[in-house]
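# Overview (structure and organization)
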Amino acid sequence: MSAVPADILSGAVNTVDRVDNAASYGIVIAGHGSRDADAVREFEALVEIVRARARGLVVTHGYLEFSSPTIGEAVEANLAAGSKQVAVVPGVLLAARHAKNDMPAEVLELARQHPGIDFHFGAAMNLHPQLLQLAQERVLAAEAQSAQTIRRDDTCLVLVGRGTTDPDANGEVSKLARMLEEGMGFGGVYVCYSGTAKPLVADGLRAAALLGFARIIVLPFFLFDGVLVKRIYAAADDLQQREPGLEVLKAGYLGVHRHVADVMLERAREAVEGRAAMNCSLCKYRVQIVGFEEQIGEPQRAHHLQVRGLLNRETLVAASKADEPKVDFPPYVPHPIEKESFEIIGAGRDWSMFPPAHLTALQRLVHASGDFNAVDDIYFSAGAIEAGISAILRCKRVVTDVTMVQTGLKRALVEQLGVETWCGVHDRETHLLAQAQGITRSAAGVRRAWEKFGNDIILAIGDAPTAIVETTRLIREHGWRPQLVIGLPVGFVGTRESKDDLRRCLQVPRITNSGTRGGSPWAATVVNALMIDAIGQVIAAQEAELQINAGA
C-alpha cells in the first residue's frame with residue numbers, strides 16, 4: 001500500500017463539511033471496486049489526496065462493483081453535505097464498458113432520483129501528460145533496482161493493459177507503448193493484456209523474451225494493486241526463472257500519486273464546465289468500427305448490477321440468521337398460455353420413447369411448429385444436449401446464421417445467463433467477404449465466426465444450407481470445433497443434402513433433422529430449450545449444495 005504524505009493531507013476537508021458557495025460543486029470519485037483489500041486501501045488513499053487538493057470542495061467516493069460504499073451512496077453523502085451540483089469522475093483508466101455504459105447508467109438513474117440536482121459526468125483518465133510522466137517515473141525506479149547497466153536500446157518494455165472488449169481503449173494502450181518507446185528510447189515494446197484482449201500476459205512475455213533484448217521491463221498500466229497486478233508480477237517472476245540470462249524488471253503501477261489526483265480534479269472541472277472530452281470519434285457505439293458494426297447505437301445498459309456492493313451484501317447475508325436458505329437463481333416461469341400449451345403438448349403424444357434429456361427441446365419444437373410429427377426426424381448426436389448446456393454456462397456465446405434466429409432467442413433467458421449473441425450476416429465485412437470469395441453472406445458470416453470466436457460457441461443455423469456447408473468444411477479441413485452445431489434450415493435447394501452431411505460430421509456435437517422442414521424459429525427454439533435446461537441445472541446444483549450444507 002502506498003503511503004500518503006502528511007504535507008499533501010494537511011489541507012484536507014472532511015466529506016461532511018457543508019458547501020456554502022452556491023457556485024461550487026461536489027465531487028464523487030467512482031472507483032471500480034475489488035475483492036482485493038490492497039486495491040481498496042490504495043483507492044481510498046488516493047481519494048484522500050484528491051480531497052486534500054480539492055480546495056474545500058466536498059469529495060466522496062463509491063465503487064461500481066464488489067466494494068462499498070456504492071456510487072449511489074457516495075452521491076447521497078455528497079448531497080447531504082449540501083452540494084447542489086455533483087461531478088461524477090470515473091476513477092478508471094481509459095474509456096471502455098465501465099466508463100461508457102455502467103457508470104453513465106448509474107448517473108442517469110441518480111439524476112432521475114434527484115431532479116433538482118445538476119449531475120455532470122467526467123471523462124475517464126486517458127493518456128494525460130501527467131500520467132505519462134508518472135509512467136516514466138515508474139520505469140526509472142525499476143531500472144534503479146538493477147545492479148547492471150544496460151542501454152535502453154537493448155531493453156524491451158512490456159506494457160500490460162487491463163484488456164477490454166472496446167478496441168479503442170485497447171488501442172490507447174498500444175499508443176502509450178509507442179509514446180514511451182520513442183520518448184524514452186527503448187529498443188522495442190511489446191503490448192499485452194491481463195484479460196479479454198490478446199495477447200495475454202504469459203504469451204506476451206514469452207514472445208518478448210524471444211526478441212533478443214538483454215533486459216525486459218514489465219510495466220502494468222493499472223491504477224492500483226489488486227488481483228490482476230499480482231498475477232502480472234507472478235508471470236514476470238516465472239519468466240525470470242525460465243530465462244536466467246535475461247534480466248526481467250518489474251515496474252510499479254501508477255498507484256497513489258498527486259499526478260493521478262490532479263488528473264481526477266481536472267476531469268471534475270471539465271465536467272462541470274461542459275468540456276468533458278470523450279473518445280467519441282472512434283467509439284464503437286457511435287460510429288461503425290471494423291469488426292464491431294453490430295454495436296453501433298447499442299442501448300446503454302448497466303452490466304454490473306449483480307456485483308454492485310457485493311462484498312457488503314455477502315457480509316450481511318453471512319451475519320444474518322435466516323431460518324431457511326434460499327436458492328438465488330430464479331427459475332424459468334412460462335406465461336400462463338405457454339404453460340397451458342405445454343400441458344397440451346405433454347398429453348398429446350407418447351413421449352416415453354424419447355430420452356428425458358431431449359424432451360425440453362422436442363416439446364418446444366412441437367410448440368414452435370404446431371406439429372406433433374415435427375420431432376420424428378430430429379437427430380441428436382450422443383451428448384449433444386449436455387454439450388449445449390455446458391456451452392451455455394461456460395462459453396456464453398451463441399452465433400446465428402441470420403438475424404431471425406438471433407431475434408428468436410428469449411431475451412430474459414439471454415440476460416439472466418449472460419449469454420452473448422452474434423450474427424454477422426449484415427456486417428460490411430461479411431458482405432465484402434462474400435463478394436470476394438463468391439460465397440453467400442450466411443456462409444461468410446460463419447467463416448467470420450470461425451475467425452472471430454474460435455471453438456467456444458454454439459452455432460445455430462436456421463435459414464441457409466450454405467451456412468451448414470461452410471461449417472462442415474471448416475470442421476473437416478481446418479479443425480474447427482464448435483461446442484454444438486444446430487442445423488435446422490428450411491428449403492428445397494441443398495437443404496436435405498446439407499443436413500445429411502452435418503449428421504455425418506462426427507467431429508462435433510450436433511442437432512439436425514432430415515428433409516426440408518425447419519427454419520429460424522426451429523433453431524432459436526432449440527437454443528431457448530438449452531437455456532431453460534441450463535437454468536434448471538444451475539438451480540438443481542444450488543439446491544443440492546444447500547442440502548449438503550444443511551446436513552453438515
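## A short note on the overall build of the protein chain
- Within the protein chain, the regular secondary structure consists of 20 helices and 14 strands.
- Taking the principal axes of its C-alpha atoms as reference, the protein chain extends roughly 80 × 60 × 50 Å.
- Looking at the protein chain as a whole, 51% of its 552 residues are labelled buried.
- Taking contacts inside the protein chain between residues at least 6 apart in sequence as the whole, the part at least 24 apart equals 75%.
- Distance between charge centroids for the protein chain: 2 Å, based on 56 positive and 65 negative side chains.

## Thoughts on the pattern of salt bridges
- Considering all chains together, one arrives at 32 salt bridges under this definition.
- A salt bridge links Arg 267 to Glu 266; the shortest N-O distance between them is 3.9 Å.
- Overall, the relative accessible area of 23% leaves Glu 266 in the partly exposed class.
- Overlapping salt bridges, with partners in common, bring together Asp 36, Asp 38, Arg 41, Asp 225 and Lys 230 in one network.

## Digging into helix H5 (residues 129-144)
- Under the 1.5 Å per step criterion, the end-to-end length of H5 is 23 Å for 16 residues, consistent within 8% with the ideal 22 Å.
- Looking at H5, one finds that the buried residues are Gln 130, Leu 131, Leu 132, Leu 134, Ala 135, Arg 138, Val 139, Ala 142 and Glu 143.
- Along its buried surface, H5 packs onto strand E5 (155-161), helix H6 (167-184), strand E7 (215-220), strand E8 (247-250) and helix H9 (258-272).

## Observations concerning the environment of Asp 168
- Tracing the backbone shows Asp 168 in helix H6.
- In this structure Asp 168 comes out as buried when scored by relative accessible area, which is 12%.
- Expressed as a C-alpha distance, the spacing of Asp 168 and Gly 31, which sit 137 residues apart in the sequence, is 21 Å.
- Non-local contacts of Asp 168, meaning those with residues more than four positions away in its chain, are made with Asn 279 and Leu 282.

## Quick notes on the environment of Ile 548
- As for its placement among the helices and strands, Ile 548 is situated in helix H20 (residues 520-551).
- In this structure, the C-alpha to C-alpha distance between Ile 548 and Tyr 25, residues 523 residues apart in sequence, is 53 Å.

## Notes on unusual backbone geometry
- A cis amide bond links Ser 68 with the next residue in sequence, Pro 69, at an omega value of 5°.
- Along the chain, the position of Pro 69 falls in the loop between strand E2 (59-63) and helix H3 (71-80).
- Residue Pro 199 is reached from Lys 198 by a cis peptide bond, and omega for that bond is 0°.
- Looking at the element boundaries, Pro 199 is found in the loop between strand E6 (188-193) and helix H7 (201-209).
- The phi dihedral of Phe 66 falls on the positive side, at around 65°, and the residue is not glycine.
- Inspection of the secondary structure assignment puts Phe 66 in the loop between E2 and H3.

## A few points about the sheet that holds E5
- Pairing within the open sheet is parallel, and its four strands lie in the order E6-E5-E7-E8. In the strand order of this sheet, the two ends are held by E6 and E8, each with one partner. The mean inter-strand angle of the sheet, taken between neighbouring strand axes irrespective of direction, is 20°.
- Bridge count for E5 against E6 is six bridges, and the pairing is parallel. Within E6, the position partnered with Val 160 by the bridge is Cys 192.
- Docked against the sheet, H6 engages E5, E6 and E7, running at close to 160° with respect to E6.
- Along the sheet, H7 makes contact with E5, E6 and E7, crossing E6 at roughly 165°.

## A look at the sheet that holds strand E10 (residues 397-400)
- Reading across the sheet, the six strands line up as E9-E14-E13-E12-E10-E11 and stay open at both edges, with mixed pairing between neighbours. Two strands close off the open sheet at either side, each with one partner strand: strand E9 (378-380) and strand E11 (420-422). Within this sheet the neighbouring strands show an average axis-to-axis angle of 15°, counted without direction.
- Pairing of E9 with strand E14 (residues 510-513) involves three bridges; the strand directions are antiparallel. Within E14, the residue paired with Phe 380 across the bridge is Ile 511.
- Packing of helix H18 (residues 465-478) onto the sheet brings it into contact with strand E12 (458-461) and strand E13 (484-487), and relative to E12 it is tilted by some 150°.

## Here's the deal with the nonpolar core
- Judged by nonpolar contacts, the single largest core of 54 residues is most densely connected at Ile 27, Ile 29 and Val 260.
- A per-element tally of this core places helix H2 (residues 37-52) first, with seven residues.
- Leave out the neighbours within four places in its chain, and Ile 27 touches Leu 57, Val 58, Val 59, Thr 60, Asn 78, Ala 87, Val 89, Leu 265 and Ala 268.
- In terms of nonpolar packing, the next biggest core, distinct from the first, is built from 46 residues, Trp 351, Leu 413, Leu 417 and Val 527 among them.

## Quick word on the packing of aromatic side chains
- Applying the stated rule across the entire model yields four aromatic pairs.
- Where Phe 43 meets Phe 224, the ring centres are 5.7 Å apart and the plane angle is 85°; that geometry is what we call edge-to-face. Here Phe 43, found in helix H2, pairs with Phe 224, found in the loop between E7 and helix H8 (227-242); they are 181 residues apart in sequence, far enough to count as distant. Exposure class is identical for Phe 43 and Phe 224. Each is buried.
- With a centroid separation of 5.6 Å and 45° between ring planes, the pair formed by Trp 351 and Phe 354 is classed as tilted.
- Accessibility expressed as a relative area gives 15% for Phe 354, which makes it buried.
- Among the aromatic residues, those joined into a ring-pair cluster are Phe 43, Tyr 63 and Phe 224.
- Across from the ring centre of Phe 186, 5.5 Å away, lies the NZ or CZ of Arg 152, which sits over that ring.

## Side note on the packing of H7 against H8
- At their nearest, the axes of H7 and H8 sit 10 Å apart, and the two run at 35° to each other. Seen along the crossing, H7 lies across H8 with a hand that is right-handed. Between H7 and H8, the contacting residues are Val 201, Leu 205, Arg 206 and Ala 209 on the first element and Ile 232, Ala 235, Ala 236, Leu 239 and Arg 242 on the second.
- For the contact of H7 with H8, a count of residues per class yields seven nonpolar, no polar and two charged.

Calculation criteria
Residues numbered from 1 in each chain as written. Predicted model: local features only at pLDDT ≥ 70, side-chain atom pairs only at ≥ 80, totals over all residues. Heavy atoms only, no water. Helix = DSSP H or I, 4+ residues; strand = E, 2+ residues; numbered from the N terminus. Buried < 20%, exposed > 50% of the residue type's maximum accessible area, 1.4 Å probe, protein only. Contact = heavy atoms within 4.5 Å. Lys, Arg positive; Asp, Glu negative; His and termini not counted. Charge placed at Lys NZ, Arg CZ, Asp CG, Glu CD. Salt bridge = Lys/Arg side-chain N within 4 Å of Asp/Glu carboxyl O. Expected span 1.5 Å × (residues − 1). Pairing = 2+ DSSP bridges. Axes fitted to C-alpha atoms, helices over the stretch in contact; angles between N-to-C directions. Core = buried A, V, L, I, M, F, W, Y, C linked by side-chain atoms within 4.5 Å. Phe/Tyr/Trp six-rings, centres within 6.5 Å; stacked < 30°, edge-to-face > 60°. Lys NZ or Arg CZ within 6 Å of the ring centre and 35° of its normal. Left-handed = near helix turned anticlockwise from the far one by under 90°. Nonpolar A, V, L, I, M, F, W, Y, C, P; charged D, E, K, R; others polar.

By themselves, these are just geometric observations and shouldn't be taken as functional.
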